[in-house]
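Coordinates in review
Each chain is listed here by its residues.
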Amino acid sequence: MEAKRHYHIERLSQAVINRIAAGEVVQRPSAALKEMLENSIDAGATRIQVLCQEGGLGVLQIVDDGCGIFKDDLPLLCERFATSKLREFEDLSNVSSFGFRGEALASISHVSRVTVITMRHDAPHAWMSKFAEGKLVAGPSVHAGNPGTSIRVEDMFYNAPVRKSSLGKPIEEYARVLSVVQRYSMCFPHIAFSCRNATDGKWNGSTGSTKADFATQCGSTMLFNIKATFGSSLASHLIRVERKLGTIVSSASTVGGGADATPVTSESHQASLPAISGYISDATLANKKATLILFVNDRLVDSSAIRRCLEQVYASVLTNSQKFFVVLAVNLPAQRVDVNVHPTKHEVMMLDEDVVLRTIADAAREELAKSATAKQLHVGE
Ligand code: ADP
Ligand code: MG
């Protein structure tokens, strides 16, 4: 084949590098929102409001009541690899925050215009700053505000027309944004979430009159927020599953995990949470599309292995046209999960994956069998 170009090798400019990298983290409004939601949760927020115009492409704004950002940190806020959450490489083996790469806001600022209003709880007022291409371009200037942080992202992909044209209609992009908020509300029911989209395009801030499309209260429950999202008729087909770490510890000793594998011990496990908890659909739910909403150590992730495992379990109880609906939170010691697999952190690597799979399969089989027996007894009464 004829060589197409005979250019010499040259380094890409920093601007090109940054824009390429940004495209990896921020594929669409919902991906940017996921990063910003995680930042708000990392900041200890108890209230998170999401406001969109044009499905997040015109405006994507997130307002939280978290700890706020120090004024002196603002110049670094949108700089790549600048973070308050990680100091040493070794810290990566014990990550308890969502963020640690310092890439999200940098990436967002390379494909949109970002305005941040933030106030620490002990500060007399808020600070407003504007960012573009990773840099502070205005402020920080004194601004009215409430404790917490508001980040407004405008004109997403104004400088990436190909990416912009590859996206769906605003209404489709908004559906994805809404779905991210709803999923996080299931794993973080103690936080009050709300989400709305201004369809008339006239809404211009947090005082907009548009009613929220979705709202949860502080101190809700996972089940309540599943109901708020999918309706009570689906929720009435759900069975609670919960398995303690003990199940994992006893089976962990039977799996060969390589020479350096340390057994999963309860000392290292966060606050003795159940290793697996959530809801699985019963055999009578008429669900058309297999749904797995999965959190591993509070991160919304996907796992084809867990999907396959559930398909196998359900193969014996569902007809061909029925599909499962499962919401699961898997909690493992931070040292047993590698979260640094992908820039979007969409997948994680679980060192004890085989044990986790077995625990999920056993728990699901047991609970499905119990629910079938309960139904039979009920019918026989
Ligand atoms: P990371 O989360 O990996 O550190 P980000 O680019 O997402 O990287 O955020 C950079 C830094 O900005 C964070 O480490 C945090 O200190 C600060 N930050 C971002 N969003 C918020 C927020 N909503 N509240 C408080 N601090 C925030
Ligand atoms: Mg982050």
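Refer to the structure presented above.
Please read these numbers as outputs of a predicted model, since none were measured by experiment.

About the cut-offs
- Each chain has its residues counted from 1, following the order in which its sequence is written.
- Key to labels: chains lettered from A, ligands numbered from 1, both in the order written.
- Predicted model: local features are reported for residues with pLDDT of at least 70 only, side-chain atom pairs are reported and counted for 80 or more only, and whole-chain, interface and lining totals are derived from all residues.
- DSSP bridges decide pairing: two strands pair if at least two such bridges lie between them.
- Each helix is a run of H or I in the DSSP string that is no shorter than four residues. Each strand is a run of E no shorter than two, and both are numbered from the N terminus.
- Working definition of a contact: two residues with C-beta atoms, positioned from the backbone, lying within 7 Å.
- Interaxial angle, 0 to 180 degrees, is taken between N-to-C directions of lines fitted to C-alpha atoms, where a helix line uses only the stretch in contact.

**What to know about the sheet that holds strand β2 (residues 59-64)**
With mixed pairing, 8 strands are arranged side by side in an open sheet as β5-β4-β3-β6-β2-β1-β7-β8. Unpaired on one side and paired on the other, β5 (135-143) and β8 (214-215) mark the two borders of the sheet. Taken together, the 2 bridges between strand β7 (residues 192-198) and β8 define a ladder with antiparallel strand orientation. In the strand pairing of β8, S194 is matched with A215. Helix α2 (residues 29-42) contacts β1 (47-53), β2 and β6 (148-154) of the sheet and is inclined by roughly 15 degrees relative to β2.

**Section: unusual backbone geometry**
Residue P140 is bonded to the preceding G139 through a cis peptide linkage, with omega at 0 degrees. Positioned with a positive phi, N297 is a non-glycine residue whose angle comes to about 45 degrees. With respect to the helices, strands and loops of the structure, N297 is situated in the loop between β11 (291-296) and β12 (299-301). The phi torsion at D298 lies on the positive side, around 75 degrees, for a residue other than glycine. Mapped onto the fold, D298 is located in the loop between β11 and β12.

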